[in-house]
Amino acid sequence: MISIVFFGSHQFSTPIFQKIIDSGLFDIKLVVTQPDRPVGRKQEIQMTGVKMLALKYNIPVEQPATLKNYVLPVTADVNIVCKYGLIIPESILNSAKFGSINTHASLLPKYRGASPIQSVLINGEKETGSTIMLMDKEMDHGPILSQETLAIDPNENCFELSERLAPLEAELLIKTVPDFVAGKISPQEQNHVAATFCKELTRDDGKIDWTKTAIGIYNLYRGLTPWPGIWTTWQEKRLKLLKIGLSESSVPEGKLTAVDGRLFMGCGENTAIEIFELQLEGKNAIDARGFINGFKNLL
RNA sequence: CGCGGGGUAGAGCAACCAGGCAGCUCGCAGGGCCCAUAACCCUGAGGUUCUCGGUUCAAAUCCGAGCCCCGCAA
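Predicted, not measured: the structure shown is a model, and the values here were computed from it. (Residues numbered from 1 in each chain as written. Chains lettered and ligands numbered in written order. Predicted model: local features only at pLDDT ≥ 70, side-chain atom pairs only at ≥ 80, totals over all residues. Heavy atoms only, no water.)

**Here's the deal with the nonpolar core**
Part 1: Counting residues in each nonpolar core, the largest one holds 42 residues, and the members touching the most others are F17, I20, I28 and I101.
Part 2: Ranked by residues supplied to this core, first place goes to helix α5 (residues 158-181) with eleven residues.
Part 3: Residues within four places of I28 in sequence aside, it is in contact with I4, F17, I20, I21 and I59.
Part 4: Ranked by size, the runner-up nonpolar core spans 25 residues in total, among them A214, I217, I273 and I275. (Core = buried A, V, L, I, M, F, W, Y, C linked by side-chain atoms within 4.5 Å. Buried < 20%, exposed > 50% of the residue type's maximum accessible area, 1.4 Å probe, protein only. Helix = DSSP H or I, 4+ residues; strand = E, 2+ residues; numbered from the N terminus. Contact = heavy atoms within 4.5 Å.)

Encoded structure:
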């Protein structure tokens, strides 16, 4: 059995970790995940999903705050890293017998970085995929072991795409690792000149630029749903647009407009979106109809 | 004690600051108009104004305490 140390912190890592456990192919010696952190308005301390799983299966957990000078208490055949969230020093990467393997939710060398799933949607890509690769000291830079492509539905959002990508990635991973350890795969160097990058997203990335076209804004919406979501300002307040769609209507750019009980916003180049569900700062989320009824005199 | 908005009819809002019959847009029920309608006209039902206490002749409104929802922030 192949012994592994699993590194993961993000929500996306949880189903993949589950799959690794369920496969029964691996001897999981240790889980490394980020420290429990305060979350939400009440700042309640919460552990990562990966840690919850580890506890459930009685797997030892380490949560170093930093990996500087950190030494793994065990060594394994392979380190598997899946959205751990911190840069892992070379000394740790090289501590495993066969090295460290990373999963990345894009068709590398495209979309290296922290937000591949969001970014492909924002850019309106038609396809994406999963890549399993060896890690080196640069981010998402190592030789590729395997890759699989997935077509993107023009209307799916980040959550839905993640839900489809995660099992694909998990399958590919548990197939690739044993083959690699058995020497059946020769790693392929990435075509570094073709590399593109995506940064970590913040709430500010969800602020809508109404001079962009409707399709651009719709893609932003898809990429940032459910987090951090897209928003604009209205009556000096933050207005989140929770559910929108493309529209053929012709309405003024950047102006919230009600027509026949439906809500529209004009975008660049005479395009428009329709808003179905929205939320004003300090208020609950409501549908377009309720919004129009309440703010009729302001629309 | 991180900052801020809010709780009023089934939904969304107004009235609160300067206390005096609780209102608007929808929805719902009934009726009318129409070839017909989610359109239009008329009528109606539906409220412990989050809870508890205080001030007052009088509290949705002012004061105090509590519960709940939400936007930031992390």
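What follows continues from the structure just given.
**Focus: the packing of aromatic side chains**
Part 1: In total, this model carries six aromatic pairs according to the counting rule given.
Part 2: Judged by centre distance (4.6 Å) and plane angle (20°), the ring pair of F6 and F17 falls under stacked. Of this pair, F6 sits in strand β1 (residues 2-8) while F17 sits in helix α1 (residues 13-23); the two residues are eleven residues apart in sequence, bridging distant segments of the chain.
Part 3: In this structure F6 comes out as buried when scored by relative accessible area, which is 0%.
Part 4: The class of F17 is buried, set by a relative accessible area of 0%.
Part 5: Here the aromatic rings of Y218 and Y221 are separated by 5.8 Å at their centres, their planes lie at 35°, and the arrangement is tilted. Placement of both Y218 and Y221 in helix α6 (residues 214-223) is noted, with a separation of three residues, approximately one turn of the helix.
Part 6: For Y218, a relative accessible area of 8% puts it in the buried group.
Part 7: Take Y221: its relative accessible area is 10%, and that puts it in the buried class.
Part 8: Among the aromatic side chains, those forming a connected cluster through ring pairs are W234, F291 and F295.
Part 9: Stacked on the ring of F12, the Lys or Arg K83 has its end atom at 5.7 Å from the ring centre. (Phe/Tyr/Trp six-rings, centres within 6.5 Å; stacked < 30°, edge-to-face > 60°. Lys NZ or Arg CZ within 6 Å of the ring centre and 35° of its normal.)

Everything listed here is a matter of geometry and, on its own, says nothing about what the molecule does.
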